[in-house]
Amino acid sequence: MPDISAAAAALHDRSIVVDTHNDLLMLCTRRVPSEQGAYFRKAWLPQLRAGGVKIQVLPVFIDDDFRPEGALRQTLRMLESGWRIAAANPDAVRICLSGAEVDTALAEGLIAFVLALEGCEAVGTDTSLFEALHRLGVRIASFTHFRRTMLADGSAEDATGSRLTQAGVESVAICERLGIMLDVSHLGASCTDHMLELATRPVIASHSSAYALRAHHRNLTDERLRALAATGGVVGINVLATFIDEQVHTLARVADHIEHVASLVGVDHVGLGPDFYQEIACEIHGPVAQSMDGGGTVITYVPGLEGPSGLPLITEELLRRSWPQDDIRQVLGGAFHALFSRELGVPASHR
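Only a predicted model underlies this, so the values are computations on that prediction, with no experimental measurement involved. (Residues numbered from 1 in each chain as written. Predicted model: local features only at pLDDT ≥ 70, side-chain atom pairs only at ≥ 80, totals over all residues. Heavy atoms only, no water.)

Engineer: I keep staring at the overall build of the protein and nothing clicks. Help me out?
Structural biologist: Each helix and strand counted, the protein has 15 helices and nine strands in total. Against the globule reference of 20 Å for 351 residues, the protein gives a C-alpha radius of gyration of 18 Å, in line with a compact fold. Taken along its principal axes, the extent of the C-alpha atoms in the protein is 50 × 45 × 45 Å. Evaluated residue by residue, the protein yields a buried proportion of 59% over its 351 residues. For the protein, the share of sequence-separated contacts (at least 6 apart) that also reach a separation of at least 24 residues comes to 73%. Of the roughly 13200 Å² of accessible surface on the protein, 52% is carried by carbon and sulfur atoms. Distance from the positive charge centre (29 side chains) to the negative charge centre (43 side chains) of the protein: 3 Å. (Helix = DSSP H or I, 4+ residues; strand = E, 2+ residues; numbered from the N terminus. Rg over C-alpha atoms; globule rule 2.2 N^0.38 Å. Buried < 20%, exposed > 50% of the residue type's maximum accessible area, 1.4 Å probe, protein only. Contact = heavy atoms within 4.5 Å. Areas by Shrake-Rupley, 256 points an atom, 1.4 Å probe, with all protein chains shown as cover. Lys, Arg positive; Asp, Glu negative; His and termini not counted. Charge placed at Lys NZ, Arg CZ, Asp CG, Glu CD.)

Engineer: Any chance you could explain helix α14 (residues 312-320) here in plain terms?
Structural biologist: Each full turn of the α-helix corresponds to 3.6 residues, which orients residues three or four apart in the same direction. Those residues of α14 lying buried are Pro 312, Leu 313, Ile 314, Thr 315, Glu 317 and Leu 318. Lining the buried residues of α14 we find α1 (6-13), α4 (45-50), α12 (251-265), β9 (270-272) and α15 (325-343). Positive backbone phi, at 65°, marks Ser 322, one or two positions downstream of α14.

Engineer: Honestly, empty space enclosed by the protein in this entry has me stumped. Any pointers?
Structural biologist: With a probe scaled to a water molecule rolled over the atoms, the places where space remains empty come into view. Under the criterion given, the structure shown has four cavities of 30 Å³ or more. Its volume calculated, the largest cavity comes out at about 80 Å³. Lining the largest cavity, in full, are Cys 175, Glu 176, Gly 179, Ile 180, Met 181, Leu 182, Arg 201, Pro 202 and Glu 343. The residue makeup of the lining of the largest cavity, split by class, is five nonpolar, one polar and three charged. Taken together, the elements giving at least two residues each to the lining of the second largest cavity come down to β2 (53-61) and β4 (111-118). For the lining of the second largest cavity, the element with the highest residue contribution is β4, accounting for three residues. Of the residues belonging to the lining of the second largest cavity, the class tally is four nonpolar, five polar and two charged. (1 Å grid on protein atoms, 1.4 Å probe; cavity = no way out; pocket = protein on both sides within 12 Å on 5 of 7 lines; lining within 4 Å. Points joined across faces, edges and corners; volume = space filled by probe spheres on them. Nonpolar A, V, L, I, M, F, W, Y, C, P; charged D, E, K, R; others polar.)

Engineer: Sorry if this is basic, but what is going on with the pairing of β2 here?
Structural biologist: In regular strands, side chains alternate between the two faces of the sheet. Of all nine residues that make up β2, eight are buried, and the element is covered over most of its length. Taken together, the three bridges between strand β1 (residues 17-19) and β2 define a ladder with parallel strand orientation. Looking at the pairing, Val 18 lines up with Ile 55 of β2. Judged from the seven bridges that link them, β2 and β4 form a sheet pairing that is parallel. Opposite Val 60, over in β4, you have Leu 117 as the bridge partner. (Pairing = 2+ DSSP bridges.)

Structure (structure tokens):
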């Protein structure tokens, strides 16, 4: 744990910390299958424990090298990697298919894993594949990354002004029926509006920040934040400096985003979606700065928040700002935990 006050450490320790976006599967899948469990235990489990993470969403992101032809194959590889890691570390983690399973894992002192799709290249237009992906454990889905899929346009395509495709509209209904939670992070602005219009269940933003503080296409406007909260959803604040501010890359600026969203929609609709990427980028691309959307946005990091072990710094900063402890616990994960307990993996027929 970072060097923080005893009060912050104690508060963080007794909170249910939820991280709704860590791309660690990208690195696990690069190992041979027999080594993936041991690699996770050595490289990632200590970081998650140092950060106090109790619930970890594991997104499946498909690199350009696999798009479009290899998308389904790589999706299956990454999902299997998640299951393989859990099987190799039963004393530490468990993949959970419902809110009830999350609560059981927490009661047993395990980190609850939730499998998610970051982009649905694997689906194409065959929306029936959501049934198969659901059977493989997927419980959260965002339809795009920055660019276009057969379901929707990503935020880097905002100039098109497009809404969800017919397959995208069908996918909203299928996911809601199955109990796969819909995620608007990376969706284009018009597609986000369209999804929020169609949604009959809570919608999340797994890793987005406030457009009012950083006018970047990956962030959500106040209007969209309100609309998402109105569904009963939660916004996970992205801590990548790229999306926090053009120049002020500080922990305080991250807290500004948390405070802005909380003041707008309330702490019951704010969480953490850090998008820790430095370790992943360094292994895949090397130490050179990377462009995240193919030509516009260079990835930068907030000092101290390069990885999960830095999460207690957010607790420290919110305490310094005299936030009530119960509100801090909501932001650290209470809001997402409550939502997952109610909605995750629950089919529409059981609501």
